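Architecture at a glance
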Amino acid sequence: MTMPLSNNFLQHNQQAWDAQAAQNSPWSQPVDRATIAAARAGQWQIHLTPGSLPAGWLGEVHGKRILCLAGAGGQQAPVLAAAGAHVTVFDLSGQQLAKDRMVAERDGLHLATVQGDMRDLSRFADASFDVIVHPVSNQYVPDIGPVWRECARVLADGGVLLSSFFNPAVFIGDRDPQWAQQGLIRPRFVLPYSDLEDMDADALALRMEQGDALIFGHGLDSQIGGQLAAGFVLAGYHEEMHPHPRFEIEKYLPSFIATRAIRQARAV
């Protein structure tokens, strides 16, 4: 099976996430009223990884213009809105965005929801935001340079980009269960990884038939180097083990990487 590397993958991934939202997957379970009430009282937290956000990475959000990029699902954006931020949540999945609207309507919150491709933020003017929260999601597009460049464009000078992504090492292993059963890690794929290019035809066809999102694995040159090239300065770095390892390699190294980056001042 062949699939042209075009916006076809976007349509497939949108449908995959719409389905996850309908099934109330872990990233599609809206926060409850108690969580919103606590956020209004100043007790709140958001997540880039399964654990808590590192201390000092976000700080006071009241009055800040925050973009939750590819971060819908009724979890991060409503909490930030309840804490006093001016929040826009941007996501490919209409059903994920519906979760945020549901919480906003239920609890009387003001937030904007916008549907689109994370690589194209053209509907937002330059320097529109003070903070971008971009949790693990850029593995759903094959090219992340545009993501970082658009983040740099829409952030004000000195603005903060909080992002997370998978350790590139998790993409290199052969996922045939026989290796895991033997406790072995068999390197097979060279980074950058692409389901469209690296999966054999039968496996790709099955993945698509099952409605699983298509995955693209990016190296640190793209994940961190791409941020630096776009005009950011790295100000924080965090690694975290996967609480429920899916692959053998995840038993031995942290699956999650998170970064805090500052938008450098634009040239006058």
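Below you will find a few notes about this structure. In this text, all values refer to a predicted model and were calculated from it rather than measured experimentally.

1. Points about the overall build of the protein chain
For the protein chain, the helix and strand inventory stands at 10 helices and 9 strands. Taking 18 Å as the expected radius of gyration for a compact globule of 268 residues, we find that the protein chain reaches 19 Å, a close match to that expectation. Projected onto the principal axes, the alpha-carbon positions of the protein chain cover approximately 50 × 45 × 35 Å. In the protein chain, which comprises 268 residues, the share counted as buried stands at 52%. Of the contacts formed within the protein chain by residues at least 6 apart in sequence, a portion of 70% connects residues at least 24 apart. A total of about 12,300 Å² of accessible surface is found on the protein chain, and carbon and sulfur atoms cover 52% of it.

2. Re the nonpolar core
Core analysis: the largest hydrophobic core is formed by 31 residues, its most contacted members being L58, I66, L80 and V87. Of all the secondary-structure elements, those providing two or more residues to this core are α2 (33-40), β1 (65-69), α3 (76-82), β2 (86-91), α4 (94-107), β4 (129-134) and β5 (155-166). Among the elements that take part in this core, α3 stands out by supplying 5 residues, more than any other. Beyond its immediate chain neighbours, meaning those up to four positions away, V87 contacts I66, C68, A77, L80, A81, L111 and A112. Among the nonpolar cores identified, the runner-up in size contains 29 residues, and V114, I144, L155 and L214 belong to it.

3. A few points about the packing of α2 against α4
Remark: α2 packs on α4, axes separated minimally by 11 Å, with the N-to-C direction vectors making an angle of 70 degrees. Of the possible angle classes, the one that applies to α2 and α4 is roughly perpendicular. Between α2 and α4 lies a crossing whose hand is right-handed. Across from R33, I36 and R40 in α2, the residues of α4 making contact are V103, R106 and D107.

4. Quick word on the packing of aromatic side chains
With the rule as written, the count across this model stands at 7 aromatic pairs. Both rings, one in F90 and one in F124, keep their centres 6.0 Å apart while their planes meet at 65 degrees; by these two values the pair is edge-to-face. With a gap of 34 residues between them, F90 in strand β2 and F124 in the loop between β3 (111-115) and β4 connect regions that are remote in the sequence. Judged by its relative accessible area of 1%, F90 is buried. One aromatic cluster is present, built from ring pairs that chain together F90, F124 and F129.

5. Some thoughts on the pattern of salt bridges
All chains considered together, the criterion is met by 13 salt bridges. Between D143 and R119 there is a salt bridge, with the nearest N and O atoms lying 2.6 Å from each other. With a gap of 24 residues between them, D143 in the loop between β4 and α5 (145-154) and R119 in the loop between β3 and β4 connect regions that are remote in the sequence. Residue D143 is classed as partly exposed on the basis of its relative accessible area, which comes to 33%. D126 is paired through a salt bridge with R153; the nearest N and O atoms lie 2.9 Å apart. Residue D126 is found in the loop between β3 and β4, and its partner R153 is found in helix α5; the two are separated by 27 residues along the sequence. One continuous salt-bridge network, built from bridges that share partners, spans R33, R106 and D107.

6. Some words on the packing of helix α1 (residues 8-22) against α4
Closest axis-to-axis distance for the α1/α4 pair is 7 Å, and the angle between their directions is 40 degrees. Here α1 is positioned oblique relative to α4, judged by the angle of their axes. Touching W17, D18 and A21 of α1 are G94, Q95, Q96 and K99, all from α4. Split into classes, the residues belonging to the contact of α1 with α4 amount to 2 nonpolar, 3 polar and 2 charged.

The rules behind the values
Each chain carries its own residue numbering, running from 1 in the direction its sequence is written. Where local features are concerned, this predicted model is filtered to residues with pLDDT of at least 70; where side-chain atom pairs are given and counted, the filter is 80 or more; whole-chain, interface and lining totals use all residues. Side-chain calculation: all heavy atoms of the structure are included, whereas hydrogens and water are not. Helix numbers and strand numbers start at the N terminus; a helix is a DSSP run of H or I with at least 4 residues, a strand a run of E with at least 2. The globule rule used here is 2.2 Å times the number of residues to the 0.38 power, and the radius of gyration it is set against is calculated over C-alpha atoms. The buried label goes to any residue with under 20% of its type's maximum accessible area, the exposed label to any with over 50%, and the partly exposed label to all in between, with areas taken from a 1.4 Å probe on protein chains only. By definition in these notes, contact holds between two residues if any of their heavy atoms fall within 4.5 Å. All accessible areas in this document rest on Shrake-Rupley with a 1.4 Å probe, and a residue is counted as covered only by the protein chains that are shown. Here the nonpolar core consists of buried residues drawn from Ala, Val, Leu, Ile, Met, Phe, Trp, Tyr and Cys, with membership extended through side-chain atoms lying within 4.5 Å. To get an axis, fit a line to the C-alpha atoms, keeping to the stretch in contact for a helix; angles then go from 0 to 180 degrees between the N-to-C directions. When an angle is under 35 degrees it counts as roughly parallel; over 145 it counts as roughly antiparallel; between 65 and 115 it counts as roughly perpendicular; any other value is oblique. Throughout, a crossing is termed right-handed when the near helix is turned clockwise from the far one, and left-handed when it is turned anticlockwise from it by less than a right angle. Planes of paired rings set the category: under 30 degrees apart is stacked, over 60 is edge-to-face and the rest tilted, where pairs are Phe, Tyr or Trp rings (Trp by its six-membered ring) whose centres lie within 6.5 Å. One speaks of a salt bridge when a side-chain nitrogen belonging to Lys or Arg is within 4 Å of a carboxyl oxygen belonging to Asp or Glu. Each residue gets one of three labels, nonpolar for Ala, Val, Leu, Ile, Met, Phe, Trp, Tyr, Cys and Pro, charged for Asp, Glu, Lys and Arg, and polar for the others, Gly among them.

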